[in-house]
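Residue-level structure breakdown
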Amino acid sequence: MHRKDQKLRVGFVLLDNFTLNAFSGFVEAIRLAADHGGRSRQVVCGWEVMGEGKVTASCGLVVTPTSALLDPSEMDYIAVCGGNGYDTRTQPAWLDAYLTRAAGAGVPLIGLCTGTFNIARTGLMQGFPACVHWNVVDEFRDQFPTVDALTDRIFLDAGDRITCAGSTGASDLALHLIARHCGSELAQQAIRHMMLQGQRADTFPQAHFTQNMQKVSDEVVRRCIHLMEQKLNTPPQIETLATQVGLSARQLDRRFIRAVGQSPGRYFRAMRLEYAAWQLTHTTGTVAQIASDAGFSDASHLHREFRKVYDVAPHQYRSAHGTSGDGAHLGGPRP
């Protein structure tokens, strides 16, 4: 087939320190839907990796673009793959110009992972909500206070702006677009080749367990909460956390109580229990496995703490909220 015969065509713009998982998950889904037998020919789908020179991923891999920046009108979508430089509040003039040109031509823009920062920095997210990874949402809201940032889903298709929290959610977004342009058969073909159990919906929740911290003005407490979330499976002593943020345990305790109304120990325990509850309703792991993942010594320890908060045992909570055999959430409120 010629380009004009392709049903889906995506142009990727990779930025320095881009996250490889988000890019590879997206482009691999398209590749596996593009041809029969995983032969990688750009038959039904097409893609270009565009740029002005070699780009280095956050893992150190160096990528050479397949083309210079092409006319955006040749593409169905332009996807910007961002990375660890999201807190840098400037970007190349060529990127602003190209994204503005694409938007002016009516080509939808996709923000993969922190690529949404780059689209917003150009001013092109005004009037559109954005799906942002929980780990960077504070920075996004600080930089772009007029853009509605959501962390309750893995991607968001708002028409001319499509945003994705990144990581494995990029594969689900690609499958969503494949099904739209190429049909469910080719989406299923990609799913089979990638050995996935299915496609997650856009509203599948991100696995994050901090409360909304927009009203938490204490930067030290915010930093400590992020440290907690990164250490759910191996919770350190509060004294260790206090040292990491330059405080004594007593000082940290006082600041937590002022900022969130509870001690750091109690906040951390609630976060770990919420993680366990999420695992119970989104995975098929055993209670013992979930206890370990949430930093509890064993299943009995999780059972005791879980019942104190949720008034039911973990297995009863799972039965009430439902987990299918493929780990898909079947409904019921999060705690």
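The structure reproduced in this document is the subject of the present report.

About the criteria used
Residues numbered from 1 in each chain as written. Predicted model: local features only at pLDDT ≥ 70, side-chain atom pairs only at ≥ 80, totals over all residues. Heavy atoms only, no water. Pairing = 2+ DSSP bridges. Helix = DSSP H or I, 4+ residues; strand = E, 2+ residues; numbered from the N terminus. Axes fitted to C-alpha atoms, helices over the stretch in contact; angles between N-to-C directions. Buried < 20%, exposed > 50% of the residue type's maximum accessible area, 1.4 Å probe, protein only. Right-handed = clockwise from strand over helix to strand, strands pointing away. Phe/Tyr/Trp six-rings, centres within 6.5 Å; stacked < 30°, edge-to-face > 60°. Lys NZ or Arg CZ within 6 Å of the ring centre and 35° of its normal.

**A word on the sheet that holds strand β1 (residues 8-14)**
What the six strands build is an open sheet, ordered β2-β1-β5-β6-β10-β9; its pairing is mixed. Edge positions in the sheet fall to β2 (45-50) and β9 (155-157), since each has one partner strand and no second. Taken over all neighbouring pairs, the strand axes of this sheet differ in orientation by 15° on average, direction set aside. Here four bridges tie strand β6 (residues 109-112) to strand β10 (residues 161-164), and the two strands are oriented parallel to one another.

**Regarding unusual backbone geometry**
One non-glycine residue, Asn17, lies in positive phi territory at about 70°. A relative accessible area of 35% places Asn17 in the partly exposed class. Positive phi, normally seen in glycine, also occurs at Cys113, with a value near 55°. Relative to the elements of secondary structure, Cys113 occurs in the loop between β6 and α3 (115-121).

**Quick look at the pairing of β6**
Consecutive side chains along a regular strand alternate between the two faces of the sheet. Alternating residues of β6 divide into Leu109 and Gly111 and Ile110 and Leu112, and every residue in both groups is buried. Sheet analysis places strand β5 (residues 77-81) next to β6, joined by four bridges and oriented parallel. Looking at the pairing, Val80 lines up with Gly111 of β6. In this region the chain leaves β5, passes through helix α2 (residues 93-104) and returns to the parallel neighbour β6; the handedness of that crossover is right-handed.

**Quick look at the packing of aromatic side chains**
Inspection of every chain in the model, using the stated rule, returns twelve aromatic pairs. Between Tyr86 and Phe117, the aromatic rings sit 5.3 Å apart at their centres with planes inclined by 50°, giving tilted as the arrangement. Of the two residues, Tyr86 is situated in the loop between β5 and α2 and Phe117 in helix α3; the sequence distance between them amounts to 31 residues. Seen in terms of ring centroids, Phe204 and Trp278 are 6.3 Å apart; in terms of plane orientation they differ by 85°. Their pairing is edge-to-face. Of the two residues, Phe204 is situated in the loop between α6 (184-193) and α7 (219-230) and Trp278 in helix α10 (residues 264-282); the sequence distance between them amounts to 74 residues. Relative accessible area serves as the criterion here: at 14%, Phe204 is assigned to the buried category. According to the relative accessible area criterion, Trp278 is buried, its value standing at 12%. Among the aromatic residues, those joined into a ring-pair cluster are Phe12, Phe18, Phe23 and Phe26. When the ring centre of Phe268 is taken as reference, the NZ or CZ atom of Arg272 above it lies at 5.9 Å. Directly above the ring of Phe296 sits Arg272, whose terminal nitrogen or CZ lies 4.3 Å from the centroid.

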